[in-house]
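Fold and contact review
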Amino acid sequence: MKKIKSALISVYYKTGLENIVQELHKNNVEIYSTGGTQAFIEELGIPVIRVEDLTEYPSILGGRVKTLHPKVFGGILNRRSLRSDQETILEYGIPSIDLVIVDLYPFEEVCSSGGSHDEIIEKIDIGGISLIRAAAKNFNDVVVLSTIKQYAGFVEILKEQGANTTEEQRRKYASEAFQVSSHYDTSIHDYFAPEQTEYLKISNSNSRTLRYGENPHQKGFYFGDFNEMFDQLHGKELSYNNLLDVDAAMNLILEFQDALPTFGILKHNNACGFSSRKTIKEAYTAALEGDPVSAFGGVLVSNKPIDKETAELITDLFCEVLIAPEFEETALTILKQKKNRILLKSHSFQRANRTVRTILNGFLVQDRDVLTETEKELNCVTIKRVDDSEVSDLLFANKISKHTKSNTIVLAKNNQLLASGTGQTSRVDALRQAIHKAKSFDFDLNGAVMASDAFFPFPDCVEIACNEGIKTVIQPGGSIKDKLSIEYCDENEMKMVFTGIRHFKH
């Protein structure tokens, strides 16, 4: 163990600092400090040496330069076991500093709160980040605390070990310090170059260890501020697969944020039931009709508050997660009867502009697919024109297909998902899967619409659809053989619109 004889303390946030200072004082540790931290320590009645008295230089440039001095950094960086270092600090009257407690200006907080450019620039820490890196580099001899999250644990070390630390403890704090430093620099970089594409920098300090990953033999972690997006009102801890389904559910339901009451049931990231109706109870009922078998163990999502009547229906279904913007108190009482059922109250939140996924020995980065077609983007390419009710169904089905695994075909009628073919290697297989599924739940396909996430390379899909009574189609178009599909539609009095926008989802 190594003994702490002197400490440098300079922090922005003082919460939790008092206990550390008191313990250091009990152990006769000499304390150096600056500005507000110095005043804080003095108010506790504990002796403190001003850094200005050590350096014999005042804080200058409005506080921009306070600790950037050889007497400070020499005190931190000198190697206690190296004779030449010890001779140097003795020659120049530099005291060794064994503990550095420094946090950083709240750069991210000022950015997220809408601070002005000048305010943000002033929150780029220079001295603090340098002190943290210096102390972490010399972890063999120096302890560094770089975040308020470490204070409680360090107080326990002081109480149990006195002013002594092990190499393992110092190394752990150093590792955390470099993480703080790296994350801070990444945040600054992202502010200056938010849209750059030459390099990829990702840093997130909000981590959650999951029970396991996609399968029990895989470790799993979530990085992100889940509480910014949801209040978990009830239920067990979310799993890796739960989070994937929650993400898919939110991406889909946000397409219907301002629509009629809409309810979705998802399984393995795809909608197996989805509907818009006059009430959320009716929407849930219609969504469940879409596939009551797959709904078992699914993730449920609503764009409207859950009332008592809807809760009474939902509670009969085993589901992993239920997401809604609000829950009536009576509804919560009913839904909480199942102790493991996860209830999430959703908030509006800022989604990332880009998606990132690992492949091979690197990453794929792309802009998020934020395009959602409206009626004005629909180009009717057939002789027969679509009417208003058909347009509503077409847009409804198209939104679902956008968020369904490719290749996909979505069949819908009266703002209800009848069935979808998901993740098939051919579009024909996806259509056949959707037709088989719809028929297995006794849906009448006459008058249904068909949506495709990508163009039809041949007219086979419109022909199969026509033979099942599906007479209205929405697809991106763009095949060199579009004419063949259009001709078949015209010959068979079908209607087809092109959007010009493909929505592959792999």
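The preceding data block contains the structure.
Residues numbered from 1 in each chain as written. Predicted model: local features only at pLDDT ≥ 70, side-chain atom pairs only at ≥ 80, totals over all residues. Heavy atoms only, no water.

All right, on to the overall build of the protein chain then. In terms of helices and strands, the protein chain carries 19 helices and 23 strands. In summary, the protein chain has a C-alpha radius of gyration of 31 Å against a globular reference of 23 Å for 506 residues, an excess of more than 25%. Viewed in the frame of its principal axes, the protein chain has a C-alpha envelope of about 100 × 50 × 40 Å. Residue burial in the protein chain is summarised as follows: out of 506 residues, 48% are buried. Intrachain contacts of the protein chain at a sequence separation of at least 6 include 56% that bridge at least 24 residues. Across the protein chain, the 57 positively charged side chains and the 70 negatively charged ones have centroids separated by 4 Å. (Helix = DSSP H or I, 4+ residues; strand = E, 2+ residues; numbered from the N terminus. Rg over C-alpha atoms; globule rule 2.2 N^0.38 Å. Buried < 20%, exposed > 50% of the residue type's maximum accessible area, 1.4 Å probe, protein only. Contact = heavy atoms within 4.5 Å. Lys, Arg positive; Asp, Glu negative; His and termini not counted. Charge placed at Lys NZ, Arg CZ, Asp CG, Glu CD.)

Moving on, we get to the packing of aromatic side chains. Applying the stated rule across the entire model yields 14 aromatic pairs. An angle of 65° between the planes, with centres 6.2 Å apart, marks the rings of phenylalanine 107 and tyrosine 184 as edge-to-face. Highlighted residues: phenylalanine 107 in helix 6 (residues 107–112) and tyrosine 184 in helix 10 (residues 167–192), separated in sequence by 77 residues. In terms of burial, phenylalanine 107 and tyrosine 184 fall into one category: buried. Judged by centre distance (6.5 Å) and plane angle (50°), the rings of phenylalanine 230 and phenylalanine 349 are tilted. In this pair, phenylalanine 230 sits in strand 10 (residues 230–234) while phenylalanine 349 sits in the loop between strand 15 (342–346) and strand 16 (354–359), placing the two residues 119 residues apart along the sequence. A relative accessible area of 3% means that phenylalanine 230 is categorised as buried. Three or more aromatic residues joined by ring pairs make a cluster, and in this case those are Phe107, Tyr184, Tyr191 and Phe192. Against the face of phenylalanine 256 rests lysine 399, its NZ or CZ located 4.8 Å from the ring centre. (Phe/Tyr/Trp six-rings, centres within 6.5 Å; stacked < 30°, edge-to-face > 60°. Lys NZ or Arg CZ within 6 Å of the ring centre and 35° of its normal.)

One open sheet holds the six strands; their spatial order is 10-15-14-13-11-12, and the pairing between them is mixed. Each of the sheet's edge strands pairs with one partner strand only, and the pair in question is strand 10 and strand 12 (270–276). The average undirected angle you get between the axes of adjacent strands in this sheet is 20°. Both strand 11 (residues 262–267) and strand 12 contribute to a ladder of six bridges, which runs antiparallel. (Pairing = 2+ DSSP bridges. Axes fitted to C-alpha atoms, helices over the stretch in contact; angles between N-to-C directions.)

This brings us to the sheet that holds strand 2 (residues 6–10). The strand order across the open sheet formed by five strands is 4-3-2-5-6, and the pairing between neighbours is parallel. Where the open sheet ends on each side, the last strands, each with one partner, are strand 4 (49–50) and strand 6 (143–145). Pairing between strand 2 and strand 5 (residues 99–102): four bridges, direction parallel. Bridge pairing in strand 5 links leucine 8 to valine 100.

Moving on to the side chain of threonine 382. If you trace the backbone, threonine 382 turns up in the loop between strand 18 (379–380) and helix 16 (388–402). A distance of 2.9 Å separates a polar side-chain atom of threonine 382 from the backbone oxygen of lysine 384. Those residues in contact with threonine 382, other than ones at most four positions away along the chain, are Cys489, Asp490, Met494, Lys495 and Met496. (Polar contact = N/O pair within 3.5 Å; in protein donor to acceptor, adjacent residues only side chain to side chain.)

Core analysis: the biggest nonpolar cluster contains 54 residues, and Ile9, Ile20, Leu24, Ile76, Leu99, Ile101 and Phe154 have the highest contact counts within it. Setting aside residues no more than four positions away along its own chain, isoleucine 9 makes contact with Leu17, Val21, Leu24, Ile31, Tyr32, Ser33, Thr34, Thr37, Ile41 and Ile101. In terms of nonpolar packing, the next biggest core, distinct from the first, is built from 38 residues, Leu210, Phe274, Val321 and Leu378 among them. (Core = buried A, V, L, I, M, F, W, Y, C linked by side-chain atoms within 4.5 Å.)

Turning our eyes to something else, we now look at the environment of lysine 345. In this fold, lysine 345 is placed in strand 15. A relative accessible area of 23% places lysine 345 in the partly exposed class. In this structure lysine 345 touches Met229, Phe230, Asp231, Leu233, Ala324, Pro325, Glu326 and Phe327, once residues within four positions along its chain are discounted.

A word on helix 12 (residues 240–253). With 14 residues, helix 12 extends 20 Å between its outermost C-alpha atoms, agreeing within 8% with the 20 Å of an ideal straight helix rising 1.5 Å per residue. With 10 of 14 residues buried, helix 12 lies mostly within the body of the structure. Among the residues of helix 12, Asn242, Leu243, Asp245, Val246, Ala248, Ala249, Met250, Asn251, Leu252 and Ile253 are the ones counted as buried. (Expected span 1.5 Å × (residues − 1).)

Of the consecutive residues serine 406 and asparagine 407, the connecting peptide bond is found in the cis state with omega at -15°. Relative to the helices and strands, asparagine 407 is located in the loop between helix 16 and strand 19 (409–412). Positioned with a positive phi, asparagine 28 is a non-glycine residue whose angle comes to about 60°. With respect to the helices and strands, asparagine 28 occurs in the loop between helix 1 (17–26) and strand 3 (30–33).

Right, let's get into the packing of helix 8 (residues 127–137) against helix 10. Where helix 8 meets helix 10, the axes come as close as 9 Å, and the angle between the chain directions of the two elements is 150°. Taken together, the axes of helix 8 and helix 10 are roughly antiparallel relative to one another. Considering how the two elements wind past one another, helix 8 and helix 10 form a crossing that is left-handed. In this structure, helix 8 contributes Ile129, Ile132, Arg133, Ala136 and Lys137 to the contact, and helix 10 contributes Ala174, Ala177, Phe178, Ser181 and Tyr184. Within the contact of helix 8 with helix 10, the residues separate by chemical class into seven nonpolar, one polar and two charged. (Parallel < 35°, antiparallel > 145°, perpendicular 65-115°, else oblique. Left-handed = near helix turned anticlockwise from the far one by under 90°. Nonpolar A, V, L, I, M, F, W, Y, C, P; charged D, E, K, R; others polar.)

Applying the stated criterion across every chain yields a total of 14 salt bridges. A salt bridge links aspartate 98 to arginine 80; its shortest N-O distance comes to 2.8 Å. With a gap of 18 residues between them, aspartate 98 in the loop between helix 5 (83–91) and strand 5 and arginine 80 in the loop between helix 4 (70–77) and helix 5 connect regions that are remote in the sequence. Note on arginine 80: relative accessible area 23%, which makes it partly exposed. A salt bridge links arginine 354 to aspartate 367; the shortest N-O distance between them is 3.6 Å. With arginine 354 in strand 16 and aspartate 367 in strand 17 (residues 362–367), the pair connects residues that are 13 residues apart, well separated along the chain. On the basis of relative accessibility, which here comes to 24%, the residue arginine 354 falls in the partly exposed class. (Salt bridge = Lys/Arg side-chain N within 4 Å of Asp/Glu carboxyl O.)

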